[in-house]
Amino acid sequence: MLVPEISLTPQMVDRFIARFGEEKIALLHSKLSVGERYDEWKRIEKGEAKIVIGARSAIFAPVENIGIIIIDEEHDSSYKSDMTPKYNSKEIALYLAKQANIPLVLGSATPDISSYYNLSKDDGIITLSKRANNSSLPQVEVIDMKNELSVGNKSMISKRLHEMIESNLQNKKQTILFLNRRGFSTFVMCRECGYTVECPKCNITLTYHIRQDRLKCHYCGYERKNVTECPECGSKNIRYFGAGTQKLEMQINEMFPNATTIRMDTDTVTKKNSYENILNKFKDENIDILIGTQMVVKGHHFPNVTLVRCNCSR
Ligand SMILES: [Zn+2]
Ligand SMILES: [Zn+2]
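Residues numbered from 1 in each chain as written. Chains lettered and ligands numbered in written order. Predicted model: local features only at pLDDT ≥ 70, side-chain atom pairs only at ≥ 80, totals over all residues.

Engineer: How would you summarise the overall build of the protein chain if you had to cite specific residues and measurements?
Structural biologist: Scanning the protein chain from terminus to terminus reveals 8 helices and 15 strands. Counting only C-alpha atoms and orienting by the principal axes, one finds that the protein chain spans roughly 70 × 50 × 45 Å. (Helix = DSSP H or I, 4+ residues; strand = E, 2+ residues; numbered from the N terminus.)

Below, the structure written as structure tokens:
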């Protein structure tokens, strides 16, 4: 049984122990000392532990007679190891399952797109239509922003979302806006020659941050002054494309000048202004709109939040 990070899933481990008993379970994770890891390894090898629960490297556990492999939260990026030797636990699991002719179960509420595609080809998708605690699923609406553009809405907010935020504000309910990009514009391009400003080390486009008027690489942290003139052809016709949380915050503040907003992404989360502080502020001071990157969607519980908007497109 693979889990992304064992310290984040204590309830799950407890449930396994309650059901099968501690003596049947081996736990493998990075917090173990070398001695503890050795003991667990030996228990697995001798066949004393029937169930191995662990993070990605547990896929190498010396299980003799394996019957099923389960990967929980299979979309999680931690199953890929970028330390040498590089490996992906999911690929190894698939190989082992084929060799032993046993089932491999990938579990997720938000499956990895390639897993989903591969499994749908083989008719291998099993859908849980009800949630474990029987609570109802939220209503989800997908809005195609291309249609908004054709009626002249160039903002990041669809007409429908605008109405929903408005009604939330009137009813004193809170809103969370999620956007998977931070910064202001995701790339800066010369309209004359097509030059884009890239990181000299990573070869990816630099993101524009409006407050400091600087361009930053989101991979390695490289920064430079903003460009007003194309370094290639000298043209001053520089344009900003794509949108990040900073731009979203600015548009929201323009559209709803009386609403209070707070932004949470790696640019606003600092030691003093921690993750918890921002969330507490949102909760305690009843801030109207929380805007942020994936940090805002990590299973928090806000009783007063009735609208969540995602933008997962590029
Ligand atoms: Zn140019
Ligand atoms: Zn870089």
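After that view, the rundown keeps rolling.
Engineer: Could you give an account of the sheet that holds strand 11 (residues 223-225), with specific residues and numbers?
Structural biologist: Backbone hydrogen bonds hold the strands of a sheet together, and the pairing may be parallel or antiparallel. Sheet architecture is open: 3 strands sit in the order 9-10-11, paired in antiparallel fashion. Edge strands, defined here as strands with exactly one partner in the open sheet, are strand 9 (207-209) and strand 11. Shown here is a sheet whose adjacent strand axes are inclined to one another by a mean of 30°, direction ignored. As judged from the 3 bridges shared by strand 9 and strand 10 (residues 214-216), these two strands associate in the antiparallel manner. Across the sheet, the residue bridging to H209 is R214, located in strand 10. (Pairing = 2+ DSSP bridges. Axes fitted to C-alpha atoms, helices over the stretch in contact; angles between N-to-C directions.)

Engineer: Residues and numbers for unusual backbone geometry, please.
Structural biologist: Omega for the peptide link from T84 to P85 comes to -5°, which places this bond in the cis form. Topologically, P85 is positioned in the loop between strand 4 (80-81) and strand 5 (87-88). With phi around 55°, D213 is a residue other than glycine that occupies positive phi space. As for its position among the elements, D213 is in the loop between strand 9 and strand 10.

Engineer: Quick rundown of the domain arrangement of the protein chain? Include the residues and the values.
Structural biologist: Taken domain by domain, the protein chain consists of domain 1 (6-121), domain 2 (145-182 + 247-311) and domain 3 (185-242). Distance between the C-alpha centres of domain 2 and domain 3: 26 Å. (Domains from an automatic or database assignment.)

Engineer: Give a detailed account of the nonpolar core, specifying residues and quantitative values.
Structural biologist: In terms of nonpolar packing, the biggest core is built from 18 residues, with L2, A26, L28, I44, V52, A58 and I71 touching the most fellow members. Of all the secondary-structure elements, those providing two or more residues to this core are strand 1 (25-28), strand 2 (51-54) and strand 3 (69-72). Looking at this core element by element, the count peaks at 3 residues for strand 1. Dropping the residues within four chain positions of it, V52 is found in contact with M1, A26, L28, I44, A58, A61 and V63. (Core = buried A, V, L, I, M, F, W, Y, C linked by C-beta atoms within 7 Å. Buried ≥ 20, exposed ≤ 12 C-beta atoms within 10 Å, placed from the backbone. Contact = placed C-beta atoms within 7 Å.)

Engineer: Pulling in residues and values, what's your account of the environment of R224?
Structural biologist: Its location among the elements puts R224 in strand 11. Residues R224 and D213, 11 residues apart in the sequence, show an inter-C-alpha distance of 9.3 Å. In this structure, R224 is in contact with R214 and L215, ignoring residues within four places of it in sequence.

Engineer: Residues and numbers for helix 2 (residues 34-45), please.
Structural biologist: Spanning 12 residues, helix 2 covers 16 Å between terminal C-alpha atoms, matching the ideal 16 Å at 1.5 Å per step. Looking one or two residues beyond helix 2, the residue adopting positive phi is G47, at roughly 85°. (Expected span 1.5 Å × (residues − 1).)

Engineer: Any chance you could break down the pairing of strand 1 for me, citing the residues and the numbers?
Structural biologist: Pairing of strand 1 with strand 2, which is carried by 4 bridges, proceeds in the parallel orientation. When the sheet's bridge partners are listed, L27 is paired in strand 2 with I53.

Engineer: Please set out the environment of M83 residue by residue, giving values where relevant.
Structural biologist: With respect to the helices and strands, M83 occurs in the loop between strand 4 and strand 5. Under the C-beta neighbour-count criterion, M83 is labelled exposed, with 7 such atoms within 10 Å. Once the C-alpha coordinates of M83 and K130 are considered, the two residues, 47 residues apart in sequence, prove to be 38 Å apart.

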